[in-house]
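Secondary and tertiary structure notes
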Amino acid sequence: MRVAVIGAGRMGSGIAQVFLSAGAHVAVRDPLTDPAPAIGRGLRTAESKGGGSADEALGRLTVGAVPYDSDLVIEAVPEDPGLKASVLAEVEEQVHEGAVLATNTSSLSITELSAALKRPERFLGMHFFNPVPVQRLVELVVTPATQVLEQVRGYVGLLGKTAVVVNDSPGFATSRLGVLLGLEAIRMVEEGVASPDDIDTAMTLGYGYPMGPLRLGDLVGLDVRLAIADHLHGRLGPRFEPPELLRRMVARGELGRKTGRGFYQW
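None of these values were measured; they are calculated from a predicted model.

**Topic: helix 6 (residues 149–158)**
Residues spaced three or four apart along an α-helix point in a common direction, a consequence of the helix completing one turn every 3.6 residues. For helix 6, the full list of buried residues reads Leu149, Val152, Tyr155 and Val156. The buried residues of helix 6 all sit within an arc of 120° when viewed along its axis, so they share a single face. Exposed positions of helix 6 whose direction lies more than 90 degrees from the buried face are Glu150 and Leu158. Lining the buried residues of helix 6 we find strand 4 (72–75), strand 5 (100–103), strand 6 (123–128), strand 7 (137–142) and strand 8 (162–167). Just downstream of helix 6 lies Gly160, where phi reads positive at about 75°.

Below, the structure is given as structure tokens:
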């Protein structure tokens, strides 16, 4: 199997890693970042925990152009609809007609992104979760035109992950529910109901969540959370209006783990 990943940020590198671990040949393209060091670190961590040979997997990694014979191309650039649409249209011209194109997005409209494509029937959303090597879920988002669902469900199975299928709608299933919970947790901090740590502990011990909504927000990035909330607010109405506390934190650069400070010190 030949996979191409466009974008080598945390998500793109993680996606490339899991396909390499599954035995695929993977090409990664990112004009700003050399993906090999991050992918190599991830593979060596996996190897130390009983995974396959990192060196053997890295031998199947190429960096640069998208191969014409790619079976699956996953776009994982930042959550900018214009950027994503232009990247997808460009890549569609570079691969054979039977290739599957996918976008890794947590909330953007798959239907609107497909408007830039000549073959929308071979396109869908593949929403991976952070960190990709650990998280077991992939949310597959389809439009009425999508004809490659079963093929992509098979790819997810090769990764040892579980697929859920969602019809294209704002926020899909996971972001719509997850963001709503996260925003309410932020309002509770804003109103002085409880500390971030106590709110998160209540959800992990009381409801069995693996991570509380505020710590998760820090991990994802509070700027990302704000952008998704703004998008859903515009599409779904007032219940997704971002709290002022979230806006102030993002304006101060308190974005969570990537800046060292959010609701927690990192």
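**Some words on the pairing of strand 6**
In terms of burial, strand 6 is a largely internal element, six of the six residues being buried. Burial along strand 6 is two-sided: the face carrying Phe123, Gly125 and His127 and the face carrying Leu124, Met126 and Phe128 are both buried. Looking at chain direction, strand 5 and strand 6 are connected through three bridges and run parallel. Along strand 6, the bridge assignment pairs Ala102 with Leu124. Here four bridges tie strand 6 to strand 7, and the two strands are oriented antiparallel to one another. By the bridge assignment for strand 7, His127 is matched with Glu139.

**Re the packing of helix 7 (residues 174–190) against helix 10 (residues 222–236)**
Two elements in contact, helix 7 and helix 10, have axes whose closest approach is 10 Å; the angle formed by their N-to-C orientations is 110°. One way to sum up the angle between helix 7 and helix 10 is to call them roughly perpendicular. Contact residues: helix 7 offers Ser175, Arg176, Gly178, Val179, Gly182 and Leu183, while helix 10 offers Arg225, Ile228, Ala229, Leu232 and Leu236.

**What about a negative patch on the surface?**
Among the surface-exposed residues, Glu190, Glu191, Glu241 and Glu244 lie close enough to one another that they form a single negatively charged patch. Relative to the helices and strands, Glu241 resides in the loop between helix 10 and helix 11 (244–251). You can call Glu241 partly exposed: its relative accessible area is 41%.

**Focus: unusual backbone geometry**
Across the junction of Asn130 and Pro131, the peptide omega takes the value 0°, indicating a cis bond. Mapping Pro131 onto the fold places it in the loop between strand 6 and strand 7.

**Looking at the pairing of strand 7**
Of all six residues making up strand 7, five are buried, and the element is well covered by its neighbours. As for the winding sense of the linkage, the β-α-β connection from strand 7 through helix 6 to strand 8 is right-handed.

**Comments concerning the pattern of salt bridges**
Using the criterion set out here, one finds 14 salt bridges in the structure. Between Glu75 and Lys84 there is a salt bridge, with its nearest N and O atoms 2.5 Å apart. Here Lys84 falls in the buried class, since its relative accessible area comes to 0%. The partner of Arg153 in a salt bridge is Glu150, with the nearest N and O atoms 3.2 Å apart. With Arg153 and Glu150 both in helix 6, this residue pair falls three residues apart, about one helical turn. Look at Glu150 and you get exposed, because its relative accessible area is 53%.

Reading the values: the criteria
Residues numbered from 1 in each chain as written. Predicted model: local features only at pLDDT ≥ 70, side-chain atom pairs only at ≥ 80, totals over all residues. Heavy atoms only, no water. Buried < 20%, exposed > 50% of the residue type's maximum accessible area, 1.4 Å probe, protein only. Helix = DSSP H or I, 4+ residues; strand = E, 2+ residues; numbered from the N terminus. Arc of directions from axis to C-beta. Contact = heavy atoms within 4.5 Å. Pairing = 2+ DSSP bridges. Axes fitted to C-alpha atoms, helices over the stretch in contact; angles between N-to-C directions. Parallel < 35°, antiparallel > 145°, perpendicular 65-115°, else oblique. Patch = residues over 30% accessible without salt bridge, like charges linked within 9 Å, V, L, I, M, F, W, Y side chains within 5 Å. Areas by Shrake-Rupley, 256 points an atom, 1.4 Å probe, with all protein chains shown as cover. Salt bridge = Lys/Arg side-chain N within 4 Å of Asp/Glu carboxyl O. Lys, Arg positive; Asp, Glu negative; His and termini not counted. Charge placed at Lys NZ, Arg CZ, Asp CG, Glu CD. Right-handed = clockwise from strand over helix to strand, strands pointing away.

Shape descriptors only; they carry no functional weight alone.
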